[in-house]
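# Architecture at a glance
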Amino acid sequence: MRQVKILLVVSAVLLSVASLVVSNFLVRDLKKEEQRKMEIWAQALRSLNNADENTDLSLVLEVLNSNNTIPVVVLDSDGEVRDCRNIVPHGATKPDSLRILRRRVSAMVGNNREIRINLSETDYMEICYADSLLLRRLAWWPYVQLGVVLIFVVVAIFALLSSKKAEQNKVWVGLSKETAHQLGTPISSLMAWQEVLRETYPDDTLLPEMGKDVQRLQRIAERFSKIGSQPETKPENLNEVVEQVVEYINRRTSNRVEMQCIMPQQPLIAQVCAPLFEWVIENLCKNAIDAMNGQGRITIQATEETNDFVIEVSDTGKGIPKNNFRTVFLPGFTTKARGWGLGLSLAKRIIEEYHNGHIFVKNSELGKGTTFRIELRKYQN
């Protein structure tokens, strides 16, 4: 189907180019034909001026009166207008007529569209002419046609890109939902074994941590299951959501990584889907740990502005080149040897499409670190 669309676009372009070429040939031939007509018309005008009372002027007058399409202005040897045809608008006043005539004559002379008729050794006439309305329309029509085809091509290319993106989205959505489905069975089994261990070893201090990891797996499966469908959002306290992520990562990260969380005293209530928003913060933190090679400081700071809540995640890693500030969010872009390049792309989609927020690289300096900024609308009760 995609090949058929591409073939249609290429065919439309080739037809437009062919039409343009053919029209140019037609315009050239028609222009030559009009030039020959004006040469005959000039000869007829000279015959009329040189005729005496015995000359039969019926054919001459028929030639002169047959020109109803080509604009013509006749000038005498002093440059004064003696006659004109097919040029002065009906109902124009005399000053307007002369002004229009002089303007058109200047354009005709500039285009070398003039024929001189010698009446005597000292007297002559100049016949200035322009392209007919039909010729002008024929000359412009291919460009109009080409413009229409270009619009069609742009729309077709946009449709191709949209269909390609939709196909990619379907693949990722199917993969995500299948992953969530496959995780469901082992997670249920782990929950059952956890209950068995709790009954057998009720005082074991490791069981609560195991339970937290099982709950974590449940939340991960829930995140995958929500991809591709509009998630349900509800008012959440961002302070608690962010602190839960920081606590989870802090327990499972090397002591060489310092996690710093700066949150305001008042709760920041925003309309979010907590599992997906947690995943965004977690992904930014994990990327920061990779950028610091497992050693450095991550600072998560939340502030309140007039209409938005702002969360900034900063690290002391290797930084991002300025020309990659936008491309880091494109699917497939990664600097890791084994990375898929989907983390930041999904994070951008979650923030901007599901939460109507904004995520971007606020600043970054090579060798010193990077700051990602998330902006979310305040919850309106």
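Anyway, here's the lowdown on the structure attached to this text. (Residues numbered from 1 in each chain as written. Predicted model: local features only at pLDDT ≥ 70, side-chain atom pairs only at ≥ 80, totals over all residues. Heavy atoms only, no water.)

With that settled, the discussion passes to the sheet that holds strand β6 (residues 257-262). The five strands lie next to each other as β6-β8-β9-β11-β10, forming an open sheet whose pairing is mixed. With partners counted over all chains shown, the strands left at the sheet margins are β6 and β10 (358-365), one partner each. Going across the sheet, the axis of each strand differs from the next one's by a mean of 15 degrees, ignoring polarity. Taken together, the seven bridges between strand β8 (residues 296-304) and strand β9 (residues 308-315) define a ladder with antiparallel strand orientation. (Pairing = 2+ DSSP bridges. Helix = DSSP H or I, 4+ residues; strand = E, 2+ residues; numbered from the N terminus. Axes fitted to C-alpha atoms, helices over the stretch in contact; angles between N-to-C directions.)

Further remarks concern the sheet that holds strand β4 (residues 124-129). Here we have four strands laid out as an open sheet, ordered β2-β1-β4-β3, and antiparallel in their pairing. The two strands at the open ends of the sheet, each matched to only one other strand, are β2 (81-85) and β3 (114-118). Averaged over all adjacent pairs, the angle separating strand axes in this sheet is 15 degrees, with direction ignored. In the sheet, strand β1 (residues 72-75) pairs with β2 via four bridges, with the strands oriented antiparallel.

So, about the nonpolar core. With 44 residues, the main nonpolar core has Leu238, Phe277, Ile298, Ile300, Ile311 and Ile374 as its most contacted residues. Ranked by residues supplied to this core, first place goes to helix α7 (residues 274-291) with nine residues. Setting aside residues up to four positions removed in sequence, isoleucine 374 forms contacts with Phe277, Val280, Ile281, Leu284, Phe309, Val310, Ile311, Ile351, His358 and Ile359. With 16 residues, the next largest nonpolar core counts Met38, Val60, Leu64 and Val74 among its residues. (Core = buried A, V, L, I, M, F, W, Y, C linked by side-chain atoms within 4.5 Å. Buried < 20%, exposed > 50% of the residue type's maximum accessible area, 1.4 Å probe, protein only. Contact = heavy atoms within 4.5 Å.)

This next bit is on the side chain of serine 132. With respect to the helices and strands, serine 132 occurs in the loop between β4 and α4 (133-200). There is a polar contact of 2.4 Å between the side chain of serine 132 and the side chain of glutamate 34. Excluding residues that lie within four positions of it along the chain, serine 132 makes contacts with Glu34, Thr69, Ile70 and Pro71. (Polar contact = N/O pair within 3.5 Å; in protein donor to acceptor, adjacent residues only side chain to side chain.)

Here we come to the packing of α7 against helix α8 (residues 343-354). At a minimum axis separation of 10 Å, α7 and α8 run at an interaxial angle of 145 degrees. α8 is crossed by α7, and the crossing has left-handed handedness. Residue-level inspection shows Leu276, Phe277, Trp279, Val280, Asn283, Leu284 and Asn287 of α7 in contact with α8, the latter providing Gly343, Leu344, Leu346, Ala347, Ile350, Ile351 and Tyr354. Considered class by class, the residues forming the contact of α7 with α8 number 11 nonpolar, three polar and no charged. (Left-handed = near helix turned anticlockwise from the far one by under 90°. Nonpolar A, V, L, I, M, F, W, Y, C, P; charged D, E, K, R; others polar.)

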